[in-house]
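Residue-level structural notes
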Amino acid sequence: MMKIEAIIQPSRFESVKAALLEIGIEGMTVTEVRGHGRQKGHTEVYRGREYTVDLLPKVKVELVLPDTLVNRAVEAILKSAKTGKIGDGKIFLSRVEEAIRIRNEERGESAL
Amino acid sequence: MKRMGIVCCSVLTLVLLAVPLLAQQAPATTSPAPPSASASSPAVPPAVTEKLNQLEQRVTAAQSSADNAWMLVSAALVLLMTGPGLALFYGGLVRQKNVLAIMMQSFALMALITVLWALVGYSLCFGGDGHFIGNFQMAMLRGVGVNPNPDYSASIPQLTFMVYQLMFAIITPALITGATAERMKFSGTVLFMTLWFLVVYAPMAHMVWGKGGYLNASLGGRFPTLDFAGGTVVHITSGVSALVCALYLGKRVGYPKQPMPPHSLVLSFTGACLLWVGWFGFNAGSALASSGLASSAFVATHFGAAAAAIGWSVAEWIKNGRASALGAISGAVAGLVAITPAAGFVGPRSALAIGFIAGLFCFWMVTKFKAIFGYDDALDAFGVHGAGGTIGALLTGVCAQVVINPIFGEGKAVGGLDGHWGQVGNQLVGILFAWVFALVGTIVILKVVDLTTGLRVTEEQEVGGLDITLHGEEGYNLES
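The shown structure was predicted, so the numbers you read here are calculated from the model rather than taken from an experiment.

A few points about the overall build of chain B
When you go through chain B residue by residue, the secondary structure sums to 15 helices and 0 strands. The C-alpha radius of gyration of chain B comes to 24 Å, within 12% of the 23 Å expected for a compact globule of 480 residues. Each principal axis of the C-alpha distribution contributes one length, and for chain B these read about 90 × 50 × 50 Å. Every one of the 480 residues in chain B was classed for burial, and the buried ones make up 54%.

This is the structure:
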């Protein structure tokens, strides 16, 4: 089991969701987050006072998948989230020890 | 039969004479004596005289109801400026944690000043004919009823005049809260505003608008200052007091290093548009009648606001490369402030000029002047109202024209454009008076409040936000 954390542009979220659905992935957890990597923020001016806004809104998509699905999912995200500009975000992969479905205490990949 | 004919004829003549007079709101409407009717019948029969008297009463009543309708609407429009207008405008400009506190200050004044007004306020502003302040003759609204007060407004019930003027007394102190925003105690605000209303507003309103007032332009003032709707009384007093408050209170924690952007320009935008609309009641209502002068003031108000929105936006566009929504609405408010003293004295072209100049000037005051001196006038009450009111009062002296308002008598030059440049000097005296009065009065009051309830919240309260720490509630419980 692997966990995929993809931090993407908010504007790309709908197409990422559609791409994941296309390869049969239906479950995901989504959070609105703020952050920045190499992308610089922008300045806002209110009555002559300038503010630099460097934490930009992003969407974080979290998925836990059986190993067999991981590569396809990563490809789908890459394809659907890319705009080619700085600020497109990142994908992090990590190993997951265990998954438990709360309703019936199922464990392992069948709980996903 | 012949008699009937004469009666009908004279009534018809009277109606024809009265209709155009009524439309012009000429003061002569009360005594129209038709020469043709009296010439044809030297001895007027009693029935005719009675009929004439009845007609005269009806003409007066018709004028009164027209004027009263407009003035009641105007009074409501001016209240609309404070709540929701100013409350939304200021509410959007503060940080999220202080939105209710600033709105509550405006709302509290709607209640507080109303009670004070009934007790002594109206009488202190408009009672008697003293030079500097009214008296207690109308305290508790004694004698204030449906009969007009001929000194101020002969065609509307004094109750209407009283409640209309009250709305001005409400918004004026509310403007100051823009400078003390996000850091002044609620208790301190209530005490400060009570004292400020009695010590600064009431005398100033009497001096400029009250009978016998030192600066009154039409009722026997020493230095006739033209102030149609409150450039000195409302905007200079509140704006200058705002500056004093900002200096006395000191900066907000973290200012200017920490970013403090407006939390919702959507609220501010809505508030500014309501202010614009309400201002028609403020300025055009100051004609105190549904007259041609009211139309003139209405037009000047609208033109001034529009030109100032453009002035501020152009300056911003040149300086920052972008025109912002906050800039446009701030410009409109600055223009409305500047046109306030001038509204009933200047024509549409002068209004455009005054508005445009005010837009540029207030932009400079808010973006440059404030930065140079580093005071924390949180929502720019001084930069917009103090500065806009001053430039407006000055330009009123330049642009006032006898064709718009023959305030000094038919044919007598009013302002600089008429060739009466001395009026600019009178305006300067009025401005100086308002500045010094607001300055000294506010310092004394601040000292008193500081020693009693205290002025500033603790740092902990300020950081936590006034909504929770002072009022025990939050503006946005979006998850509940």
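Next, the rest of the story.
Let's talk about the interface of chain A and chain B
Of the residues lining the interface, 6 residues belong to chain A; the matching set on chain B comes to 11 residues. Here the side of chain A that touches chain B takes 3 residues from strand S3 (residues 42-46) of chain A, the largest share from any one element. Each residue belonging to the side of chain A that touches chain B can be placed in one class, and the counts come to 3 nonpolar, 1 polar and 2 charged.

Description of the pairing of strand S5 (residues 56-65) of chain A
For a regular strand, the rule is simple: side chains alternate between the two faces of the sheet. As defined by bridge partners, strand S1 (residues 2-8) of chain A adjoins S5(A) across 7 bridges and the pair is classed as antiparallel. Bridged to A:Ile7 within S5(A) is A:Lys60.

Let's talk about the environment of B:Ser65
Residues and elements named next belong to chain B. Mapped onto the fold, serine 65 is located in helix H3 (residues 46-93). Looking at serine 65, the number of C-beta atoms within 10 Å reads 13, which means it is partly exposed. Along the chain, serine 65 and alanine 353 lie 288 residues apart, while their C-alpha atoms are 35 Å from each other.

With respect to the packing of helix H10 (residues 325-339) of chain B against helix H11 (residues 348-373) of chain B
Residues and elements named next belong to chain B. Packing of H10 against H11 leaves a shortest axis separation of 8 Å and a crossing angle of 125°. Our classification of the angle between H10 and H11 gives oblique. Of the two elements, H10 crosses H11, and the hand of that crossing is right-handed. On the side of H10, the interface is formed by Gly331, Ala334, Gly335, Ala338 and Ile339, while H11 contributes Ala351, Ile354, Gly355, Ala358, Gly359, Cys362 and Phe363. A per-class count over the contact of H10 with H11 returns 8 nonpolar, 4 polar and no charged.

Quick look at the environment of B:Leu466
Within the fold, B:Leu466 resides in helix H15 (residues 466-471). Residues B:Leu466 and B:Lys97 lie 369 residues apart in sequence; the distance between their C-alpha atoms is 6.5 Å.

Considerations on the sheet that holds strand S6 (residues 89-95) of chain A
Residue and element names in this part refer to chain A. Strand order in the open sheet made by the 4 strands is S2-S5-S1-S6, with antiparallel pairing throughout. Of all strands in the sheet, those with a lone pairing partner are strand S2 (29-35) and S6, marking the two edges. Strand-to-strand, the axes of this sheet are offset by a mean angle of 20°, without reference to chain direction. Across 7 bridges, S2 lies against S5 in antiparallel orientation. Of the residues in S5, the one forming a bridge with glutamate 32 is valine 59. Packed onto the sheet, helix H2 (residues 67-81) meets S1, S5 and S6 and runs at close to 5° relative to S1.

Considering the nonpolar core
Generally speaking, a soluble globular protein has its nonpolar side chains buried in company with each other. Counting 153 residues, the largest nonpolar core has B:Leu275, B:Ala308, B:Ala342, B:Ile354 and B:Cys362 as the members making the most contacts within it. When residues in this core are grouped by element, the largest group, 15 residues, is from helix H4 (residues 99-126) of chain B. With near-sequence residues (within four places) excluded, B:Ala342 lies in contact with B:Phe228, B:Ala300, B:Ile354, B:Gly392, B:Leu395, B:Thr396 and B:Cys399. The next biggest cluster of nonpolar side chains, apart from the first, holds 14 residues, and it includes A:Val16, A:Leu20, A:Val59 and A:Leu63.

Scoring rules and cut-offs
- Residues numbered from 1 in each chain as written.
- Chains lettered and ligands numbered in written order.
- Predicted model: local features only at pLDDT ≥ 70, side-chain atom pairs only at ≥ 80, totals over all residues.
- Helix = DSSP H or I, 4+ residues; strand = E, 2+ residues; numbered from the N terminus.
- Rg over C-alpha atoms; globule rule 2.2 N^0.38 Å.
- Buried ≥ 20, exposed ≤ 12 C-beta atoms within 10 Å, placed from the backbone.
- Contact = placed C-beta atoms within 7 Å.
- Nonpolar A, V, L, I, M, F, W, Y, C, P; charged D, E, K, R; others polar.
- Pairing = 2+ DSSP bridges.
- Axes fitted to C-alpha atoms, helices over the stretch in contact; angles between N-to-C directions.
- Parallel < 35°, antiparallel > 145°, perpendicular 65-115°, else oblique.
- Left-handed = near helix turned anticlockwise from the far one by under 90°.
- Core = buried A, V, L, I, M, F, W, Y, C linked by C-beta atoms within 7 Å.

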